[in-house]
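Close look at the chain arrangement
Here are the chains, one letter per residue:
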Amino acid sequence: MLPAGLVASAVVSASSANLGPGFDSIGLALSLYDEIVVETTDAGLLVEVEGEGADQVPRDAEHLVVRAIECGLRAAGFTPPGLEVRCRNAIPHSRGLGSSAAAVVGGLAAANGIVAQTDSTPLSEAQLVQLSSEFEGHPDNAAAAVLGGAVVSWTDRTGDRPAYFGVPLRLHPDIRLFCAVPEERSLTAETRVLLPAHVSHEDARFNVSRAALLVVALTQRPDLLMAATEDVLHQPQRAPAMPASAEYLRLLRRLKVSATLSGAGPSVVALTTEPALPREAAEYGAANGFTIIEVTSGEAVRWSPGVTVAG
């Protein structure tokens with residue numbers, strides 16, 4: 001049993017999954033951060049949320065951060081008598097920027113801050129990737145939120161339960177990142193059903209080659225990003241569900257900007273070595289309800305006994 005009065009915090013980044021061809025396997029942390037503060041209490045549950053999604057998420061035990069905190073504490077052998085959880089969100093919800101993965105990773109990390117004040121051992125990075133990916137069902141966003149930067153992740157299904165892994169990539173310093181975030185929302189579960197159950201060998205071969213090239217482009221050859229971000233397995237299939245994002249994606253690529261849907265969309269992420277997006281792209285975004293945000297590669301999740309401030 002945990003005593004009341006233990007305080008811990010976590011700061012966790014947004015993420016963009018897939019980056020075109022790397023479906024469910026390549027992710028990139030982005031410098032938009034959610035903050036979580038948790039305190040153990042004698043009894044009950046208090047959940048406070050401010051910022052993005054504050055009017056959408058539950059304020060009870062179903063809140064994803066709460067579920068993740070309890071999961072992390074159970075993994076260390078603890079059940080708290082009560083919790084106070086405070087979330088300050090900067091990651092847009094339901095926009096393909098990894099808000100759910102951030103909630104899970106942040107909750108697990110905040111649990112680490114509690115566990116660190118006991119005689120037990122906090123979760124390792126590998127355990128954070130595993131447990132957070134179990135919530136998600138795939139490791140791309142979760143691994144990026146845990147490890148920071150660009151990651152390659154994979155799933156091993158040979159055991160009793162899926163095992164999830166991620167390794168970091170050293171993102172080339174010349175790459176600049178822009179997120180185009182629309183007002184409309186989308187849920188991954190809704191867009192995933194648009195994907196066919198089977199694909200041709202030709203399409204599979206195309207995406208395998210582009211995903212391999214993407215690793216080279218992200219780390220060594222950003223001049224190859226246009227070819228490396230091509231995809232035929234999920235973006236064309238999802239386009240009808242988000243016409244404004246699909247058109248923005250086509251516009252950026254016509255302007256020779258390597259851009260992809262961010263995860264399942266509807267946000268679009270551009271990877272470029274230029275200092276700004278072309279004027280035509282900026283004007284299209286402003287006229288069609290997109291907020292353009294220049295970001296950098298996000299940091300690995302941080303947790304601490306006490307309160308940690310993002311930045």
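You'll find the structure just up there.
We now turn to the structure provided with this report. (Residues numbered from 1 in each chain as written. Predicted model: local features only at pLDDT ≥ 70, side-chain atom pairs only at ≥ 80, totals over all residues. Heavy atoms only, no water.)

Here we take up the nonpolar core. Judged by nonpolar contacts, the single largest core of 65 residues is most densely connected at Val85 and Leu218. Ranked by size, the runner-up nonpolar core spans 16 residues in total, among them Val257, Ala259, Val268 and Ala270. (Core = buried A, V, L, I, M, F, W, Y, C linked by side-chain atoms within 4.5 Å. Buried < 20%, exposed > 50% of the residue type's maximum accessible area, 1.4 Å probe, protein only.)

A separate point is the pairing of strand E5 (residues 150–156). Across three bridges, strand E2 (residues 22–41) lies against E5 in antiparallel orientation. Residue pairing in the sheet places Gly27 in a bridge with Val151 of E5. Two strands pair when backbone bridges link them, and E5 and strand E6 (residues 163–169) are joined in this way by seven bridges, in the antiparallel orientation. The residue of E6 that forms the bridge with Val151 is Pro168. Between E5 and E6, which pair antiparallel and follow one another directly, the connecting turn spans six residues. (Pairing = 2+ DSSP bridges. Helix = DSSP H or I, 4+ residues; strand = E, 2+ residues; numbered from the N terminus.)

Helix length check: helix H6 (residues 201–219) (19 residues) gives 28 Å between terminal C-alpha atoms against 27 Å at 1.5 Å per residue, within 8%. Residues of H6 that are buried include every one of Asn207, Arg210, Ala211, Leu214, Ala217 and Leu218, and no others. One face of H6 carries all of its buried residues, which in axial projection span an arc of 125°. Summarising the geometry of H6, the exposed residues directed more than 90 degrees from the buried face are His201, Glu202, Arg205 and Val208. Those residues of H6 hidden inside the fold are in contact with strand E1 (7–18), E2, E6, helix H7 (225–228) and strand E9 (268–272). (Expected span 1.5 Å × (residues − 1). Arc of directions from axis to C-beta. Contact = heavy atoms within 4.5 Å.)

Another aspect to go through is unusual backbone geometry. Here the bond from Gly265 into Pro266 is cis, since omega is 10°, no more than 30 degrees from zero. For Asp24, which is not glycine, the phi torsion reads 60° and is therefore positive. Counting through the fold element by element, Asp24 comes out in strand E2.

Take the state of the cysteines next. Disulfides are covalent bonds that link the sulfur atoms of two cysteine residues. What the rule picks out here adds up to zero disulfides. There is no disulfide at Cys87, and the cysteine sulfur nearest it, in Cys71, is 16 Å away. Among the residues examined, Cys87 registers a relative accessible area of 4% and is labelled buried. (Disulfide = S-S within 2.5 Å.)

Looking now at the side chain of Asp231. Structurally, the position occupied by Asp231 is in the loop between H7 and helix H8 (235–238). As a buried residue without a salt bridge, Asp231 has its nearest oppositely charged side chain in Arg238, at a separation of 7.5 Å. From its side chain, Asp231 meets the backbone nitrogen of Leu233 in a polar contact 3.0 Å long. Asp231 has contacts with Gly20, Pro21, Phe206, Asn207 and Pro236, leaving out every residue within four places of it along the chain. (Lys, Arg positive; Asp, Glu negative; His and termini not counted. Salt bridge = Lys/Arg side-chain N within 4 Å of Asp/Glu carboxyl O. Polar contact = N/O pair within 3.5 Å; in protein donor to acceptor, adjacent residues only side chain to side chain.)

Interpretation in functional terms is not warranted from these geometric data alone.
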